[in-house]
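The residues making up each chain are set out below.
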Amino acid sequence: MSVDKETVAKIANLARIEVSDNELENTMGELNNILDWVEQLSEVNTDGIEAMTSVVAADLPLREDKITDGGYREEVIKNAPLAEHGFFAVPKVIE
Amino acid sequence: MRDLTKLTLSAARDALHKKDISAAELTEAHLRAIDDASELNAYIEVTADKAMDMAVGADKMINAGNAHGMTGIPIGIKDLYCTKGVHSQSSSHILDGFKPEYESTVTSNLWADGAVMLGKTNQDEFAMGSSNENSHYGPVKNPWRADKKNGDLSDKNTVPGGSSGGSAAAVAADTSIAATGTDTGGSIRQPASFTGLVGLKPTYGRCSRWGMIAFASSLDQAGPLTKTVRDAAIMMESMAGYDPKDSTSTNIPVPNYEAALTGDIRGLKVGIPREYRVDGMPNGIETLWSQGIDWLKDAGAEIIDISLPHTKYALPTYYIVAPAECSSNLARYDGVKYGLRVNGDSLDDMYKKTRAAGFGDEVKRRILIGTYVLSAGYYDAYYLKAQRVRTLIANDFKLAYEKCDVILTPTAPSAAFNLGEKVSDPLSMYLNDVFTVPASLAGLPGISVPAGLNSQGLPLGLQLIGQAFGEEQLLAVADVLECAAGFKAKPKKWWGDKS
């Protein structure tokens, strides 16, 4: 399977990365090189093989459903590029 | 006066405990060495004042009789670890100005034992790379340069490997006694091999990942880069442990790793996987591997031929699984919560412009691949297929460990290459991790031990792969291998003050 320019543009949009029209060609070539190379996995017979979900057999630990953390809004927003009134601030989304 | 930067971690610890030296003078010596080696670009930020404060604290601990193995030991911390109030950007532009309000569990463990932070070390951006050329802060130079035919040192720079290249260069140049690294597909072991150091990636779950900037969460592990196997044992003990804040960390006690270094490996079965003989591998590596086999045999180990039939599929599997996880993990960098923001016409436009400007080429490439293999219609063909092959790779190791205790392989398919040599060919860069990726996919511990020099005088490492949570046995064999190899070479100094 290989990707065309249109597909690269679609993926870039899904990933929210701006890729200019003149970068598309080059990016498409790079992605296809990698996709061609990983294609060799299709030779491997994986019928009846379970997909790996965890490398180390372990049960996820459970804890009581209690609030154990929080209460420091200032620290949370301290690194924000823009914060107003104790909130993260973003460009206007509602007209 | 003797040069305190030449000390190994264990020698420094012994000298500190006997009060032959103070943590303050040990730290000062390393801060001077960092200044002198600035052209290596191994450190992104030097925390000199903090280091001296921590050293004074360590001296108090020692005087009060509360010394641990790491007390007073000055170390470098990979930029990927969150350190409170200190530069922590995983060498990315997109985290510009980010200073965490919290401390990672692994570094907290080290500070609780009295270790001293010298600064944050350079790395490939978000740990994606094998040469440390993908950093927003520029490439790191390996202290090792090749010898020319006439025996003079080449003036060409080599890469320190990656992604923990800054940590490796810092220790190899004697500007820190040890350093933390992280390993997703070989990012501790391959730089260790390129710089003549010991690099240990423990079993997945041995260290907490809390506060480590995530790349591929099912693979990322913390580990030490050190001058000796004993040093790795001491540092590992401090870094490891269960953490309720990381649900994938394993709740079993941390052993005394140093006590495992008995020097006795008689009767131990060492597996040699035939699939690790790859085409085009330089003769020097093949020869060194055979030598390693002989060294372990002479020490009383039994050598067993084994097969890991799915080895050749490990790299393509990794380059589906790791980008998939990275595309998900790196979705958090959106110009809202921290770091860089590039304004746009709308919220979406701001996201896109921020991520286009903030991520480097390799990171973008992996996010795009990851987004594609996880997208509707391709998930089964790529991601699920790769996770199935990953099961087969893990099963290969399970079967092998019915016949042997540890596995011996080369660490990397070459010695350090020249800066700029592979930067335009992503696929050839990926092949660097051919011997380290399989153990990562299976979650197993691996260690690289410096074993010799190639014909150009550049270091080469051998890798031992252990069983899950078999770090004690792994370190015991590594110690014997290190002893037999007798690697004592140091890079010839071409940087800073040459007197």
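Residues numbered from 1 in each chain as written. Chains lettered and ligands numbered in written order. Predicted model: local features only at pLDDT ≥ 70, side-chain atom pairs only at ≥ 80, totals over all residues. Heavy atoms only, no water.

K.L.:
How should I be thinking about the overall build of chain A in this particular structure?
P.N.:
Scanning chain A from N- to C-terminus turns up three helices and two strands. Counting from the amino terminus, helix and strand elements in chain A follow one another as α-α-α-β-β. Over its C-alpha atoms chain A spans a radius of gyration of 23 Å, topping by over 25% the 12 Å that the globule rule assigns to 95 residues. Dimensions of chain A, computed from the C-alpha atoms along their principal axes, are close to 55 × 45 × 25 Å. Every one of the 95 residues in chain A was classed for burial, and the buried ones make up 27%. Long-range pairs, those at least 24 residues apart, make up 28% of the contacts in chain A with a sequence separation of at least 6. Of the roughly 7,100 Å² that chain A leaves accessible, carbon and sulfur atoms contribute 49%. (Helix = DSSP H or I, 4+ residues; strand = E, 2+ residues; numbered from the N terminus. Rg over C-alpha atoms; globule rule 2.2 N^0.38 Å. Buried < 20%, exposed > 50% of the residue type's maximum accessible area, 1.4 Å probe, protein only. Contact = heavy atoms within 4.5 Å. Areas by Shrake-Rupley, 256 points an atom, 1.4 Å probe, with all protein chains shown as cover.)

K.L.:
Explain helix H2 (residues 21-38) of chain A here, please?
P.N.:
Residues lying three or four places apart along an α-helix face the same way, a consequence of the helix completing one turn every 3.6 residues. The end-to-end C-alpha distance of H2(A), which contains 18 residues, comes to 26 Å, matching closely the 26 Å that a straight helix rising 1.5 Å per residue would cover. Buried within H2(A) are the following residues: Leu24(A), Thr27(A), Met28(A), Leu31(A), Asn32(A), Ile34(A), Leu35(A), Trp37(A) and Val38(A). Along its buried surface, H2(A) packs onto helix H1 (5-14) of chain A together with helix H9 (314-329), helix H11 (361-374), helix H12 (379-400) and helix H13 (426-430) of chain B. (Expected span 1.5 Å × (residues − 1).)

K.L.:
I would appreciate a short explanation of the interface of chain A and chain B in the present structure.
P.N.:
Interface size is commonly expressed as the accessible area that is lost once the parts come together. Contact residues are listed per partner, giving 46 residues for chain A and 63 residues for chain B. Interface area for chain A against chain B, summed over the two sides, is near 4,800 Å², with a carbon-plus-sulfur share of 72%. Between the two partners, chain A and chain B, sit five salt bridges. Taking the shortest distance from any N to any O, the salt bridge between Arg365(B) and Glu30(A) comes out at 3.0 Å. Inspection of the region where chain A meets chain B yields 17 residue pairs in polar contact (both at pLDDT 80 or more). Per element, the largest residue contribution to the side of chain A that touches chain B is eight residues, and it comes from H2(A). Looking at the side of chain A that touches chain B, its residues break down into 29 nonpolar, nine polar and eight charged. (Buried area = accessible area lost by both parts, 1.4 Å probe. Salt bridge = Lys/Arg side-chain N within 4 Å of Asp/Glu carboxyl O. Polar contact = N/O pair within 3.5 Å; in protein donor to acceptor, adjacent residues only side chain to side chain. Nonpolar A, V, L, I, M, F, W, Y, C, P; charged D, E, K, R; others polar.)

K.L.:
Teacher, can you tell me more about the sheet that holds strand S6 (residues 221-226) of chain B here?
P.N.:
The strands that make up a sheet pair up through hydrogen bonds in the backbone, lying either parallel or antiparallel. All names here are of chain B. On the basis of which strands lie adjacent, the open sheet formed by eleven strands has the order S1-S3-S2-S4-S6-S5-S10-S11-S9-S7-S8 and mixed pairing. Of all strands in the sheet, those with a lone pairing partner are strand S1 (43-46) and strand S8 (302-306), marking the two edges. Strand-to-strand twist of the sheet, defined as the mean angle between neighbouring strand axes without regard to direction, takes the value 30°. Pairing of strand S4 (residues 178-183) with S6, which is carried by five bridges, proceeds in the antiparallel orientation. (Pairing = 2+ DSSP bridges. Axes fitted to C-alpha atoms, helices over the stretch in contact; angles between N-to-C directions.)

K.L.:
Explanation requested: the pairing of S4(B) in the structure shown.
P.N.:
On any regular strand, side chains alternate: one points to one face of the sheet, the next to the other face. All names here are of chain B. Most of S4 is tucked away, with six of its six residues classed as buried. The side-chain alternation of S4 yields two buried faces, one formed by Ala178, Thr180 and Thr182 and the other by Ala179, Gly181 and Asp183. Pairing analysis gives two bridges linking strand S2 (residues 74-78) to S4, with the strands arranged parallel. In the sheet register, glycine 76 faces S4, and the bridge partner there is alanine 179.

K.L.:
It is not clear to me how the environment of Leu464(B) should be interpreted in this structure. Could you clarify?
P.N.:
Residue and element names in this part refer to chain B. Structurally, leucine 464 is set in strand S11 (residues 459-465). Taking the C-alpha atoms as reference points, leucine 464 and threonine 354, 110 residues apart in sequence, are found 42 Å from one another. Filtering out sequence-adjacent residues up to four positions away, leucine 464 remains in contact with Leu296, Val406, Ile407, Leu408, Pro445, Gly446, Ile447, Leu474, Val477, Ala478 and Leu481.

K.L.:
Is there a simple way to think about the packing of aromatic side chains in this case?
P.N.:
How two aromatic rings sit relative to each other is set out by the distance from centre to centre and by the angle between their planes. Residue and element names in this part refer to chain B. The tally for this structure, following the rule as stated, stands at 18 aromatic pairs over all chains. Judged by centre distance (5.8 Å) and plane angle (90°), the rings of phenylalanine 194 and phenylalanine 417 are edge-to-face. One end of the pair, phenylalanine 194, is in helix H6 (residues 189-195); the other, phenylalanine 417, is in the loop between strand S9 (406-410) and H13, with 223 residues separating them in the sequence. Both residues of the pair, phenylalanine 194 and phenylalanine 417, count as buried. What links up through ring pairs into an aromatic cluster is the set Phe98, Phe126, Tyr333, Tyr338 and Phe359. When the ring centre of tryptophan 210 is taken as origin, the NZ or CZ atom of lysine 245, which lies over that ring, is 4.3 Å away. Here the guanidinium or amino end of lysine 422 rests over the ring plane of phenylalanine 417, the centre of that ring lying 4.6 Å away. (Phe/Tyr/Trp six-rings, centres within 6.5 Å; stacked < 30°, edge-to-face > 60°. Lys NZ or Arg CZ within 6 Å of the ring centre and 35° of its normal.)

K.L.:
Teacher, can you tell me more about the nonpolar core here?
P.N.:
General note: in soluble globular proteins, nonpolar side chains tend to be found buried as a group. Residue and element names in this part refer to chain B. With 166 residues, the main nonpolar core has Ile75, Leu110, Phe126, Leu296, Phe397, Leu408 and Leu464 as its most contacted residues. Non-local contacts of isoleucine 75, meaning those with residues more than four positions away in its chain, are made with Met70, Leu110, Trp111, Ala115, Val116, Met117, Leu118, Gly119, Ser176, Ala178 and Met235. If you look at the next biggest cluster of nonpolar residues, it comprises six residues, including Ala412, Ala416, Phe417 and Met429. (Core = buried A, V, L, I, M, F, W, Y, C linked by side-chain atoms within 4.5 Å.)

K.L.:
Even after reading the chapter, I still don't get the pattern of salt bridges, so can you show me in this structure?
P.N.:
It is possible for side chains of opposite charge to pair when their charged atoms get near one another. All names here are of chain A. Under the defined criterion, the tally for this structure stands at 24 salt bridges over all chains. Of the charged contacts, one joins lysine 5 and glutamate 25 as a salt bridge, the two residues approaching to 3.3 Å between their closest N and O atoms. Of the two residues, lysine 5 is situated in helix H1 and glutamate 25 in helix H2; the sequence distance between them amounts to 20 residues. You can call lysine 5 partly exposed: its relative accessible area is 37%. Residue glutamate 25 is classed as partly exposed on the basis of its relative accessible area of 46%.

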